[in-house]
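# Coordinate inspection notes
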Amino acid sequence: MGLKTAAQYKASLNDGRVLYYKGERVDNVTTHPDLSVCVDTMALDYELAEMPEYHDLATVFDEGLGEEINRYYHMPLTGDDLLQQFKLIVASTRMGDGFIPLAHDIGADALNAIAITANIMGDADYIRRIEAFRTYLKQSDIAVVTAMSDVKGDRTLRPSDPGQSHPDYYLRVVERRDDGIVVRGSKIHITGAPYSNEIFVIPSRAMTAEDADYAVAFAIPCNTPGVKMICRPFQSHISDLEFPNSRPVRVHTDAFIIFDDVFVPWERVFLCGEWQHAATLVYNFALMHRRTGCAYRIPMSEQFLGVAQAIADFNGIAKAPHVREKLTDLVIYLETLRGLSYAACLDFVTYGGIAVPNPVSTNIAKYYFADEYHKVIKIVQDLAGGLLVTAPTHKDFLLPELRADIEHYLGGKAGFSTEARLRMFDLIRRISGADRETIALHGEGSLQAQRMTILMEAGKVIRECRRMVEEQAEIV
Ligand SMILES: Cc1cc2nc3c(=O)[nH]c(=O)nc-3n(C[C@H](O)[C@H](O)[C@H](O)COP(=O)(O)OP(=O)(O)OC[C@H]3O[C@@H](n4cnc5c(N)ncnc54)[C@H](O)[C@@H]3O)c2cc1C
């Protein structure tokens, strides 16, 4: 079987899945006026693999299967494996004008984290199941997303804590049968789930013995009975107040997924009650996925540098000292993110026989990106000026009685058209909205989650540094 085409991916989605959007049940995600735009965004992953210039980056020849497979489902064993996958995510996100297609990357992160956990547990059955599932993914090239985030209720209480107002704030096993398990609960913010083929479900935190029913991981098709998804609203088309743009809109939605006593066959269960290993799974998923998250943000950071330079040119301020400082800040932002991310891949460590990016540099890269994000937006908004908010619309621009005035008064530096300037404001508004600000902060875990990991992972370095200065001070 091997690689899927974009057309095959789209055809596979009309499978009776239960999906709601803006208060209505959606029959077919591929023909829905809004959701089909998300489907086209996810399909970019398949289109990229079909393009000759990206074929080598997007695929790997699998010796065992004797065929080409999608690079995402290849088990990473070296730093170069991690780096090539990173470059693939960057390439596909550039193709999506800053939007990651998401068909394989987050699923691959869960696949590898589950495999690491099974290998560390040394459980032959789990190892066999996850490797059988990897083979299925290689052969089918289906789209898989990952549902980790629980709704959590009171964040300070454990899943099983009697203080939680009910036991369903974290997804759990409610029945163990001969042929499989039954799970109940929900997951929130799950990007791409409405137009993915399958969903990996994994715990969102470390568990205790009392939480054993919540230590569960599995993969199921999106049309599994009992799975219900509610999509968040989003803008799928450029407003007619903006200048027309023939480039397709790229966008995703995120689902609130309800698991209403869903049956999962044992073959698809990868953790069930082994609470001691939930933390290993969460840790490795977060690590892999933060590396992936950094790759998403490189094209985004390139966009900010690009629009800042463009609008500074249009406004005639590009050579002003404070503007050069701000452009320098944006270059430092982009190249620090890129440099740390590359270093994290090449300075990899091996967990459970699988290469993972360096934990300290990965978390610093993701933290740095998120922590500095609003500063970057501030620079772009500062350089753009107030017209970013107050500019007349494209509809005003079209009116014969207004156009000459708009052209005349809203020009910038000679040589750049008023229309170019107004179009750039449209683009800046599209790429710098609250959606992106929130995902920058919370995607791949909150700022605090990265800081905690950095301090924990840096323990060895901290001890070594302390020992070094104690030697220098001659107190050891
Ligand atoms: C657009 C978008 C897409 C996403 N896509 C996915 C996806 O595809 N799959 C997926 O699994 N997840 C996804 N996420 C979820 C993302 O990982 C979470 O939003 C993130 O982990 C934060 O969790 P939360 O939203 O529940 O916020 P919270 O955990 O409630 O965090 C809010 C604040 O509370 C603090 N806090 C939380 N717990 C405690 C505590 N015990 N003590 C003290 N302070 C605490 C946090 O540090 C933070 O400051 C997505 C999120 C967004 C915004």
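Remember, it's a predicted structure, so these values are computed and weren't measured experimentally.

## Notes on the overall build of the chain
Counting its secondary structure elements, the chain contains 16 helices and 14 strands. For 476 residues, the compact-globule formula gives about 23 Å, and the C-alpha radius of gyration of the chain, at 24 Å, lands near that figure. Summarising its shape, the C-alpha atoms of the chain cover approximately 75 × 75 × 55 Å along the three principal directions. Considering the chain as a whole, with its 476 residues, one finds that 52% of them fall into the buried category. Counting contacts in the chain only where the partners sit at least 6 residues apart, residues at least 24 apart contribute 77% of the total. Summing over all exposed atoms, the chain offers an accessible surface of approximately 20500 Å²; the carbon and sulfur share of this is 56%. In the chain, the 49 positive side-chain charges and the 64 negative ones have mean positions that sit 3 Å from each other.

## Some details on the side chain of serine 432
With respect to the secondary-structure elements, serine 432 resides in the loop between helix H13 (418-431) and helix H14 (434-442). Note on serine 432: relative accessible area 12%, which makes it buried. Within the local environment of serine 432, its side chain forms a polar contact with the backbone oxygen of isoleucine 428, the two atoms lying 2.6 Å apart. What serine 432 contacts, discounting residues up to four positions off in sequence, is Phe304, Ile377 and Glu437.

## Comments concerning the pattern of salt bridges
Taken as a whole and assessed by the stated rule, the structure comprises 34 salt bridges. A salt bridge links aspartate 109 to arginine 291; the nearest nitrogen and oxygen atoms lie 3.6 Å apart. Here aspartate 109, found in helix H5 (residues 105-121), pairs with arginine 291, found in helix H7 (residues 278-314); they are 182 residues apart in sequence, far enough to count as distant. Taking the relative accessible area as the measure of exposure, aspartate 109 reaches 1% and is therefore buried. Arginine 172 is the salt-bridge partner of aspartate 168, the closest N and O atoms lying 2.9 Å from each other. Classification of aspartate 168 as partly exposed rests on a relative accessible area of 24%.

## Notes on the sheet that holds strand E11 (residues 254-265)
The mixed open sheet is built from six strands, whose spatial order is E2-E1-E10-E11-E7-E6. In this open sheet, the two edge strands, each paired with only one partner strand, are strand E2 (24-25) and strand E6 (172-176). Pairing between strand E1 (residues 18-21) and strand E10 (residues 227-231): four bridges, direction parallel. Looking at the pairing, leucine 19 lines up with methionine 229 of E10.

## As for the domain arrangement of the chain
It is common to give the size of an interface as the accessible area that goes away when the parts come together. As assigned here, the chain comprises domain 1 (6-277) and domain 2 (280-472). One C-alpha centre belongs to domain 1, the other to domain 2, and the line joining them spans 25 Å. With 50 residues of domain 1 at the contact, the number on the domain 2 side is 41 residues. Buried area between domain 1 and domain 2, summed over both chains or domains, comes out near 4000 Å², and the portion from carbon and sulfur atoms is 68%. When the buried area of domain 1 at its contact with domain 2 is split by residue, Leu82, Phe86 and Phe243 rank highest and sum to 21% of it.

## Quick look at the site of the ligand
Neighbouring the ligand are 18 residues, the closest being Met148, Ser149, Lys152, Arg155 and His189. A distance of 2.8 Å separates an oxygen atom of the ligand from a polar atom in the backbone of methionine 148. The contact in question runs from an oxygen atom of the ligand to an N or O atom on the side chain of arginine 155, over 2.6 Å. Considering only residue class, the shell around the ligand consists of five nonpolar, nine polar and four charged. When residues are assigned to domains, the shell around the ligand turns out to be shared by domain 1 (6-277) and domain 2 (280-472), each giving three or more.

## A word on helix H8 (residues 321-346)
Over its 26 residues, H8 runs 37 Å from end to end, which matches the ideal 38 Å to within 8%, given 1.5 Å per residue. For H8, the complete set of buried residues consists of Val323, Lys326, Leu327, Leu330, Tyr333, Leu334, Leu337, Arg338, Ser341, Ala344 and Cys345. Elements that come into contact with the buried residues of H8 comprise helix H4 (79-95), H7 and helix H9 (359-384).

## Observations concerning the packing of H4 against H8
Interaxial distance between H4 and H8 falls to 7 Å at its minimum, and their mutual angle equals 145°. Contact residues: Gly79, Leu82, Leu83, Phe86, Lys87 and Arg94 in H4; Arg338, Ser341, Tyr342, Cys345 and Leu346 in H8. When the residues that make up the contact of H4 with H8 are grouped by side-chain class, the tally is six nonpolar, two polar and three charged.

## Examining unusual backbone geometry
Phi is positive for lysine 22, which is not a glycine, with a value near 50°. Along the chain, lysine 22 turns up in the loop between E1 and E2. Positive phi, normally seen in glycine, also occurs at histidine 189, with a value near 65°. Considering the arrangement of structural elements, one finds histidine 189 in strand E7 (residues 180-191).

## A few points about the packing of H8 against H9
Where H8 meets H9, the closest approach of the two axes is 10 Å, and the angle between their N-to-C directions is 160°. By the angle between their directions, the pair H8 and H9 is classed as roughly antiparallel. As H8 packs across H9, the resulting crossing turns out to be left-handed. For the contact of H8 with H9, the class distribution of residues is 15 nonpolar, four polar and five charged.

## Considerations on the sheet that holds strand E8 (residues 198-201)
Sheet architecture is open: four strands sit in the order E5-E8-E9-E12, paired in mixed fashion. Both outer strands of the open sheet, strand E5 (144-147) and strand E12 (269-272), are each paired with one neighbouring strand and no more. On average, adjacent strands in this sheet sit at an angle of 20° to one another, irrespective of strand direction. Bridge count for E5 against E8 is four bridges, and the pairing is parallel. Bridging across to E8, valine 145 finds its partner in isoleucine 199. Helix-sheet contacts for helix H6 (residues 124-140) involve E5, E8, strand E9 (216-221) and E12, and the interaxial angle to E12 is about 145°.

## Digging into the packing of aromatic side chains
Under the criterion given, the structure shown has 16 aromatic pairs. A ring pair is formed by phenylalanine 133 and phenylalanine 270, whose centres lie 5.9 Å apart and whose planes are at 45°; its orientation type is tilted. Taken together, the residues span a long stretch of sequence, with phenylalanine 133 in helix H6 and phenylalanine 270 in strand E12 at a distance of 137 residues. Accessibility expressed as a relative area gives 4% for phenylalanine 270, which makes it buried.

Scoring rules and cut-offs
- Residues numbered from 1 in each chain as written.
- Predicted model: local features only at pLDDT ≥ 70, side-chain atom pairs only at ≥ 80, totals over all residues.
- Heavy atoms only, no water.
- Helix = DSSP H or I, 4+ residues; strand = E, 2+ residues; numbered from the N terminus.
- Rg over C-alpha atoms; globule rule 2.2 N^0.38 Å.
- Buried < 20%, exposed > 50% of the residue type's maximum accessible area, 1.4 Å probe, protein only.
- Contact = heavy atoms within 4.5 Å.
- Areas by Shrake-Rupley, 256 points an atom, 1.4 Å probe, with all protein chains shown as cover.
- Lys, Arg positive; Asp, Glu negative; His and termini not counted.
- Charge placed at Lys NZ, Arg CZ, Asp CG, Glu CD.
- Polar contact = N/O pair within 3.5 Å; in protein donor to acceptor, adjacent residues only side chain to side chain.
- Salt bridge = Lys/Arg side-chain N within 4 Å of Asp/Glu carboxyl O.
- Pairing = 2+ DSSP bridges.
- Domains from an automatic or database assignment.
- Buried area = accessible area lost by both parts, 1.4 Å probe.
- Near = heavy atom within 4 Å.
- Nonpolar A, V, L, I, M, F, W, Y, C, P; charged D, E, K, R; others polar.
- Expected span 1.5 Å × (residues − 1).
- Axes fitted to C-alpha atoms, helices over the stretch in contact; angles between N-to-C directions.
- Parallel < 35°, antiparallel > 145°, perpendicular 65-115°, else oblique.
- Left-handed = near helix turned anticlockwise from the far one by under 90°.
- Phe/Tyr/Trp six-rings, centres within 6.5 Å; stacked < 30°, edge-to-face > 60°.

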